[in-house]
Protein chains: 2
Amino acid sequence: MRHLTPALAAALLTLAAGSAAKAEEGMWTYDNFPIARANQTLGTNIDQAWLDKVRLSSVKFGGCSAGLVSGEGLVMTNNHCVATCVANLSTQEVNFAETGFTPRTREEERKCPGGTAEILTDITDVTERMHAAGAGLEGQAFTRARDAEAGRIEQEACGDDAAKRCQVVSLYRGGQFKLYTYKKYSDVRLAFAPEDRAATFGGDLDNFSFPRFAIDAAFIRLYENGAPAVTPTHFVWNADKPVEGTPVFVTGSPGATQRLLTQDQLMAVRDVVLPLDQLIASELRGRLIRYSEEGERQAFEAMDPIVGLENTYKRGLGRMRALTDPQFLAMKAEQERDFRSRAEAGAGSNNPWTTLSGVQPTLRELYPAMALLEGGTGVGTTPVAGGSQLFLWARALVRGAQERAKPSAERLPEFADSRLSALQAGLFAERPVYPELEQVRMEWWLSKTREWLTVDHPAVRGLLGKESPEQLSARLIEGTTLADPAVRRALWEGGLAAVEASNDPLIQYLLSIQDETRAIRSEWEAKVQAPTDRASERLAALRFQTYGDSVYPDATGTLRLTYGLIEGSDVPGQRWGPFTTFGGLYDRATGAAPFDVAPKLLAAKDRIDLDTVMNMTVSSDTIGGSSGSPVVNAQGEILGANFDSTVLTQRNAYGYDRNVNRSVIVTTGAVTTALRDVYGMDGLVAELGVR
Amino acid sequence: MRHLTPALAAALLTLAAGSAAKAEEGMWTYDNFPIARANQTLGTNIDQAWLDKVRLSSVKFGGCSAGLVSGEGLVMTNNHCVATCVANLSTQEVNFAETGFTPRTREEERKCPGGTAEILTDITDVTERMHAAGAGLEGQAFTRARDAEAGRIEQEACGDDAAKRCQVVSLYRGGQFKLYTYKKYSDVRLAFAPEDRAATFGGDLDNFSFPRFAIDAAFIRLYENGAPAVTPTHFVWNADKPVEGTPVFVTGSPGATQRLLTQDQLMAVRDVVLPLDQLIASELRGRLIRYSEEGERQAFEAMDPIVGLENTYKRGLGRMRALTDPQFLAMKAEQERDFRSRAEAGAGSNNPWTTLSGVQPTLRELYPAMALLEGGTGVGTTPVAGGSQLFLWARALVRGAQERAKPSAERLPEFADSRLSALQAGLFAERPVYPELEQVRMEWWLSKTREWLTVDHPAVRGLLGKESPEQLSARLIEGTTLADPAVRRALWEGGLAAVEASNDPLIQYLLSIQDETRAIRSEWEAKVQAPTDRASERLAALRFQTYGDSVYPDATGTLRLTYGLIEGSDVPGQRWGPFTTFGGLYDRATGAAPFDVAPKLLAAKDRIDLDTVMNMTVSSDTIGGSSGSPVVNAQGEILGANFDSTVLTQRNAYGYDRNVNRSVIVTTGAVTTALRDVYGMDGLVAELGVR
């Protein structure tokens, strides 16, 4: 380690080993942020008012994070966070991924189909209500009672207010439940995106690595009633040259960590979950790469899916490496040993380690069917089911119709009243659909499901009948009219009668496979999810007893604050200082994709100060979903946007290791240069108040 | 377990646990076959004369096994063992994979390009010479001295006799060395192959599974001096209905097992070797599947590579499952515990477990570079380097020229004098080359090498320069003339001067990357292979001391004999009797590939006795490479050919588990039916002396 402040070094020495958070470790909730410890560690002086302001300037945008940077709704995030929006707004002829999206006026800013943005306005404790709802119940009854109570709480708090979203968040794996209330913006417009290659220089090869040379930044703007939102609380733009060792805070919504898993649970992830996910993703990658080589149209269609897939895959590789690294596993084992030695005696007969150990053989057995048949429902971890957008829409329509015929509390949780408005927004959005690509993906999914579950699995027989994956996917994609948003809207609004009367082959197909797919989900909920949830809740209680509130909850895709320093890396094989410059970009370029400099960026070379810092690394705790997170100094000024971390940092999913943990940041200086010297975005430069 | 003979049950009870072979466990060498134990276990009465006859009737054919079935050189093996030969003899227009290859006369039998067959005639102990050659040496000097001594022994014994092959075989991981002498046939002709779908019904889905319905059999014929070889020693054809519980022997050349690996070594296979191999194979699979969908030509070109790749991949999946199965791992750990508790005290300071444990971090670090850059050299485990036939030819030409300029003992071992004739046979063979497919494979290899080793790895910089994998692979494949066997022969015969003067871009490319690729190989040999070999030899000595000769060596692709019973399976999720019938085939057919019955087989339905047994399972110990192995009864009659095993049996690579171990056999009855009732091969039927 280097560049420790004296305070940080002291903190590292005084903090105990075991499961309590160490120094910069922790993705903290805003209502339990360790202000004193952060100030002591970093030598800063933040307070509650600072926290409130940072929280209200933090924006959740889809699966990404973002930050308000003007009083007129302007928000900075990563370019990769708007890539799907850019793809949806592009055609093969007018391809903004190639040219960049550079509106000269606000009138030219264009709505991202289905895009929504949210700001966290309130946090309320609802632990007691949630625990009471599940008391005395087991299996699926437990899961459903909890889901129903969460739906009720959300509905009570937000009702049908389209400008709000309410979400019951499970923290500490069920140890606490909080109601998060968001102000919601449903009109989000793209205000700037660079050339894609400027944001992805080095492509998948440089992804999850450093040194890095990527302007992975873009701007969206929040609109209300057709006009830019008024947002007096926002970050101040600071484009000064960053200084090594500066304390920083990163505010965003990290997706999911699994640090509270027991050793037995981690081994199941290593042995069963990751191999399946990675192996089938790798095959899809091969299919899509070859597809993209078949012509310009195919290259255009497959670009966004390939980038997303490769990102997920590379993240998974980092996780596989973590869980097969003897040193890392020894650290995790030692943490569990410490915790068990302190807590297990008090666990009595209701020993959560024993329970979780007993669940793993079932999880190992059921995971393939759950992941393949119910992926993307939010229950399994892998969004593969159907492998196609049309399939996912058809499933939402069929299940939505079936579920809405029941009271909200009895439905599958994703169809509770409180969640319908977000679902509808996605379903009704106008998005391009590429049938050939859809067929490739659906064929892949059917074929992998058949392979992993075997031909003779009853669900596979139900999925395929006498058809092959090739035949079935071709027939369904050719015949469906769900690419038309009006058709989707009509089926949604027509309810079960309309769905059952539809002769759309994809709708009919989804109707025909409900028994098999719902059965595996029920089995999973009863035999895996419910006992896991109950035992995890018990484990959380023991953890609070043992370590007090010095523990932080696993990331859950909700707003968190982390802290650290601007700092390079000194790990063997990964040694570098914290900064890269524009000069380094031009040096690294070979001219061959993905190491070709984007044309406009290349043309601007003479206008750019080559010493301008482009990207930097910080030591704050991070995980996927932190993409776009504002990096803020102790004065609340924004210094950049988190857009990546190193591949070694992927172990962060399972445990924090300060030595290797580094987030990769695109600096406000680089963004300013891009806006001003490359893309001529003078309006935005003025709006940001560039000094 | 079911259908145990009383003798077998007794044997199971009396044999000790630990590392000594149990009951039917063991792929035994012919010079150490436990005749008495086999007879006692099975209730048979075989003797040395029986062993000699079976050995001299056993044929090694490429990576497969086979058996002589007539006095005129006729040999039965699996259809999948002749698939590459069939592909090489086919064109898109005359595609024998579709129609079957059914010569009505011997004159119509066609030579398999590059095909050779061998019969093991002699085994001599050369352990002392080999151990003496390595005495006192370490690192690469040790490896090279051993390789050189093996080359000398082989050359002394076989000289330049084209009708013989000599091979020094390392057994018990260096505990013993034996010189195997083979009679070699270099003119091998295809005498019959069924329609490919008849041999592969169910395709990849039914591969490694049972119940099974595949006529995976074919015939080749050995020729000498342009005439069928005279082979008075051969198996008698017995096409009687097989009987459950019959004792059987399987004779063939199982490829490679790793049962003598320590726990630390197994964990490295699980954590590093298998994930890399499987993940990159999965992506290639995706690329090839999509490629095959682009047109009839592409489908024709990619068929054989896809089948081979899917087979390797599925086998790897079975191995991953074995090494992530807590029960199986507990069994392996217990075996090691038993061995160490008996032997470790006597190991002294030269403790092989400690040594092997110390090697694993280096192996884990170097494996990706070794596998990706030096795959297919016989040193790494994965034949991926180059990903293309043209690349492998170019490497053989360039390295062959460089190495032949040195004395035999100083060369890379695959270029020792004793090994050149086999190498030349492969290099000069006339084989079709599909440039577009070659480009796809080479692009994949370059791209995976860059991804796994990273862009900034010196070897990757050397491989790619400023080009992308797409550009480089297209340029090399487009420009090379190595597809022409005359060009390859001229370069080989022209030696280093010709190679260095060549302006073939692929030759120039291979010349340019020798430094980088040879460097990783040297490092691997010095830091991984040599210390592993030395420690393994020590481990073998301890094993002999501890368990005597009741242990058998790991499979090494050389002739072995195993034994067991005709028997089904009673494992949860894998319950079935030992037989399937032609009736079952027609029942399972859906009409959609790969569950479509081959046209001629379908047309013959009325001529076939539907109760004829098609496939069966036996309990003998098996592994890949056993494909085509004759299944023989105690009278030395052939009952079928081994063509597969179940996916659970793949754990056989690491340890024998009698409960799950089952080989899948195509019966002589099924083959007789196919020859007589489907394909009208009356000549062969008469030659086999069908009763």
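Residues numbered from 1 in each chain as written. Chains lettered and ligands numbered in written order. Predicted model: local features only at pLDDT ≥ 70, side-chain atom pairs only at ≥ 80, totals over all residues. Heavy atoms only, no water.

In the annotation of an unreviewed UniProt entry, the entry for chain A reads Dipeptidyl-peptidase, and the organism field reads Brevundimonas lenta. Looking at the Function (unreviewed entry) heading of the UniProt record, one finds this comment for chain A: "Catalyzes the removal of dipeptides from the N-terminus of oligopeptides." (UniProt positions renumbered as here; feature names shortened; annotations may be inferred.)

Draft legend 1. Structural view of the domain arrangement of chain A. All names here are of chain A. When the domains of chain A are assigned, the result is domain 1 (6–116 + 186–258 + 553–687) and domain 2 (263–540). In this structure, domain 1 and domain 2 have C-alpha centres spaced 29 Å apart. Summed over both partners, the interface of domain 1 with domain 2 buries about 2,600 Å², with 55% contributed by carbon and sulfur atoms. One can count two salt bridges joining domain 1 with domain 2. For Arg285, the salt bridge identified is with Asp204, shortest N-O distance 3.0 Å. Put simply, the parts of the chain that give the side of domain 1 that touches domain 2 at least two residues each are helix 4 (83–89) and helix 9 (203–206). When residues in the side of domain 1 that touches domain 2 are grouped by element, the largest group, four residues, is from helix 4. (Domains from an automatic or database assignment. Buried area = accessible area lost by both parts, 1.4 Å probe. Salt bridge = Lys/Arg side-chain N within 4 Å of Asp/Glu carboxyl O. Helix = DSSP H or I, 4+ residues; strand = E, 2+ residues; numbered from the N terminus.)

Draft legend 2. Structural detail: the packing of aromatic side chains. A full pass over the atoms with the stated rule returns 34 aromatic pairs over all chains. With 5.0 Å between their ring centres and 85° between their planes, Phe96(B) and Phe101(B) make a pair best called edge-to-face. There is no split in this pair, since Phe96(B) and Phe101(B) are both buried. Consider the rings of Tyr172(B) and Phe544(B), whose centres lie 4.5 Å apart with planes at 65°: the pair is edge-to-face. Of this pair, Tyr172(B) sits in the loop between strand 6 (164–171) and strand 7 (176–185) while Phe544(B) sits in helix 21 (residues 514–547), placing them 372 residues apart in sequence. One aromatic cluster is present, formed by Phe33(A), Trp50(A), Phe249(A) and Tyr563(A) through successive ring pairs. Across from the ring centre of Tyr223(A), 3.8 Å away, lies the NZ or CZ of Arg189(A), which sits over that ring. (Phe/Tyr/Trp six-rings, centres within 6.5 Å; stacked < 30°, edge-to-face > 60°. Buried < 20%, exposed > 50% of the residue type's maximum accessible area, 1.4 Å probe, protein only. Lys NZ or Arg CZ within 6 Å of the ring centre and 35° of its normal.)

Draft legend 3. The packing of helix 10 (residues 263–292) of chain B against helix 12 (residues 326–343) of chain B, seen in detail. Residue and element names in this part refer to chain B. Viewed as axis vectors pointing N to C, helix 10 and helix 12 meet at an angle of 150°, and their least axial separation amounts to 10 Å. The angle between helix 10 and helix 12 falls in the class roughly antiparallel. Across the interface between the two elements, Gln263, Leu266, Met267 and Arg270 of helix 10 pack against Leu329, Lys332, Ala333 and Glu336 of helix 12. For the contact of helix 10 with helix 12, the residue count by class is four nonpolar, one polar and three charged. (Axes fitted to C-alpha atoms, helices over the stretch in contact; angles between N-to-C directions. Parallel < 35°, antiparallel > 145°, perpendicular 65-115°, else oblique. Contact = heavy atoms within 4.5 Å. Nonpolar A, V, L, I, M, F, W, Y, C, P; charged D, E, K, R; others polar.)

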